Amino acid sequence: MVAEHIHPTSVDEYEYSLADHLSIIRGRVHSVGGMARYVVLGGNGKAGRRLIGALEERGHQGVAASRSSEARFDWQDTSTWGPAVAGAEGVFIVGPGSARDWSGPLTGFLEVAAAAGVRHAVLLSARGVEFLPGGAVDLAERALASGPVPWTVLRPSHFAQNFAEAMFVPIGGLITAPVGGAAEPFIDVRDIAEVAAKVLVDRALTGERIALSGPAALTFEEAAAILSAVSGVVVRFEPEEPTAHAARLRAAGTPEGYVRWRMAMLEGIRTGADAYVSGGVEQVLGRPATGFAAWAAREVLAAAWATQRPGQAA
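Remember, it's a predicted structure, so these values are computed and weren't measured experimentally.

Caption draft 1: Layout of the overall build of the protein chain. Counting its secondary structure elements, the protein chain contains 12 helices and 12 strands. Burial analysis of the protein chain (314 residues in total) assigns 50% to the buried set. Looking at the protein chain alone, contacts between residues at least 24 apart form 79% of all its contacts between residues at least 6 apart. Carbon and sulfur atoms form 53% of the exposed surface of the protein chain, whose accessible area is close to 13900 Å².

Right, dumping it as structure tokens:
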């Protein structure tokens, strides 16, 4: 059962205590009139921008923090960390990538966040962490768990949105990946955002790692068929050899650390080890996870590859 956190009585618009007044003066108020501030690192990304919307739907303020946002945050510039989290109730953490170990900066950032009064940190990790022990994502989880801020880790499966915005986008109508005929329970990123919003607002599931996935595993051929039906664009899938995929990444100048991480995740799919369904969405939200077809019906027509005439190759 998900623990429910009851917030203290909110301050009245006209009457508040001396302690509240002093907190306002010190810039440490986390919630006034029931609205709290939550900082979303990487707030312009797939998960971050949807989380900001989910927080707003709950009556709270989601603040995107990145190198290009108004609330500036840069993992390589420690002077940006304190201002970014000032007055925040909680923080959603998306790391600077999976190519190299960033556990050191994360440890320092958590110390700054704790000093600023941040009460909960939620880390976007991945179920694939189990396939690369000692990798950058695993080390980040360990740093979070040993830090001073109460924490929760979200471990989603591969995103459904990867077929619209990222690594599984059809090129010329063709999806290629070194996964053979195996299946994956792709998750709608909006589900991740809604889970993150509830965990942050309720300060629930602290000290836990929550695995998230879609409601059923689909093969890539099945996913391609759904994409074709929804978009009217002919989409097909062809498996790629793992060695060829890795060579293609290296030829494009991809950092070796990321190549190792990506190949470990894809190998998890290829071997069937990642085909299991996780119940975290229903555990937290009390409803089933969104299916791949429902996600596709909602978002695929806006994908760049789906804007061509029906029957035309992507």
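Caption draft 2: Just the nonpolar core, in detail. Membership of the largest hydrophobic core comes to 31 residues, with the highest contact counts inside it found for Leu51, Leu55, Phe92, Leu154, Ile192, Val195 and Leu212. The set of elements that each furnish at least two residues to this core consists of strand 2 (35-41), helix 2 (46-57), strand 6 (120-124), helix 7 (189-202), strand 10 (208-212) and helix 11 (280-285). The element that contributes the greatest number of residues to this core is helix 7, accounting for nine residues. If near-sequence neighbours (up to four positions away) are discounted, Phe92 is found in contact with Val39, Val40, Leu41, Ala47, Leu51, Val122, Leu124, Leu154, Ala196 and Leu200. If you look at the next biggest cluster of nonpolar residues, it comprises 29 residues, including Trp75, Val118, Ala121 and Trp151.

Caption draft 3: Looking closely at the side chain of His158. Counting through the fold element by element, His158 comes out in the loop between strand 7 (151-156) and helix 6 (162-165). Judged by its relative accessible area of 6%, His158 falls in the buried class. Residue contacts for His158: discarding those within four places in its chain leaves Phe168, Glu184, Phe186, Ile187, Met265, Ile269 and Asp274.

Caption draft 4: Broad picture of the packing of aromatic side chains. Enumeration according to the criterion identifies 17 aromatic pairs in this entry. Ring geometry for Phe163 and Phe168: centres 5.2 Å apart, planes at 40 degrees, overall tilted. Judged by relative accessible area, Phe163 falls into the buried class, the value being 0%. Look at Phe168 and you get buried, because its relative accessible area is 2%. With a centroid separation of 5.0 Å and an interplanar angle of 90 degrees, the aromatic rings of Phe168 and Phe220 are classed as edge-to-face. Here Phe168 is found in the loop between helix 6 and strand 8 (174-177), whereas its partner Phe220 is found in helix 8 (residues 220-231), with 52 residues between them in sequence.

Caption draft 5: Layout of the pairing of strand 2. For strand 2, the tally of buried residues reaches six of seven residues, placing the bulk of the element in the interior. In this sheet, strand 3 (residues 61-66) lies alongside strand 2 in parallel orientation, the contact comprising five bridges. Note on strand 3: the bridge partner recorded for Tyr38 is Gly62. Considered for its hand, the β-α-β crossover made up of strand 2, helix 2 and strand 3 is right-handed. With three bridges connecting them, strand 2 and strand 5 (residues 90-93) associate as parallel partners. Each residue of the ladder has a partner; that of Val40, found in strand 5, is Phe92.

Caption draft 6: Fine view of the pairing of strand 3. In terms of burial, strand 3 is a largely internal element, five of the six residues being buried. Examined bridge by bridge, strand 3 and strand 4 (residues 71-72) share two bridges and lie parallel to one another. Within the sheet, the bridge partner assigned to Ser66 lies in strand 4 and is Arg72.

Caption draft 7: Molecular detail of helix 8. Here helix 8 is 12 residues long and its end C-alpha atoms lie 16 Å apart, about the 16 Å a rise of 1.5 Å per residue gives. Turning to helix 8, its buried residues are Phe220, Ala223, Ala224, Ile226, Leu227, Ser228 and Ser231. Those residues of helix 8 hidden inside the fold are in contact with helix 6, strand 8, strand 11 (218-219), strand 12 (236-239), helix 10 (256-270) and helix 12 (292-299). In the segment just after helix 8, Gly232 is the residue with positive phi, at about 80 degrees.

Each value, and the rule that gives it
- Residues numbered from 1 in each chain as written.
- Predicted model: local features only at pLDDT ≥ 70, side-chain atom pairs only at ≥ 80, totals over all residues.
- Heavy atoms only, no water.
- Helix = DSSP H or I, 4+ residues; strand = E, 2+ residues; numbered from the N terminus.
- Buried < 20%, exposed > 50% of the residue type's maximum accessible area, 1.4 Å probe, protein only.
- Contact = heavy atoms within 4.5 Å.
- Areas by Shrake-Rupley, 256 points an atom, 1.4 Å probe, with all protein chains shown as cover.
- Core = buried A, V, L, I, M, F, W, Y, C linked by side-chain atoms within 4.5 Å.
- Phe/Tyr/Trp six-rings, centres within 6.5 Å; stacked < 30°, edge-to-face > 60°.
- Pairing = 2+ DSSP bridges.
- Right-handed = clockwise from strand over helix to strand, strands pointing away.
- Expected span 1.5 Å × (residues − 1).

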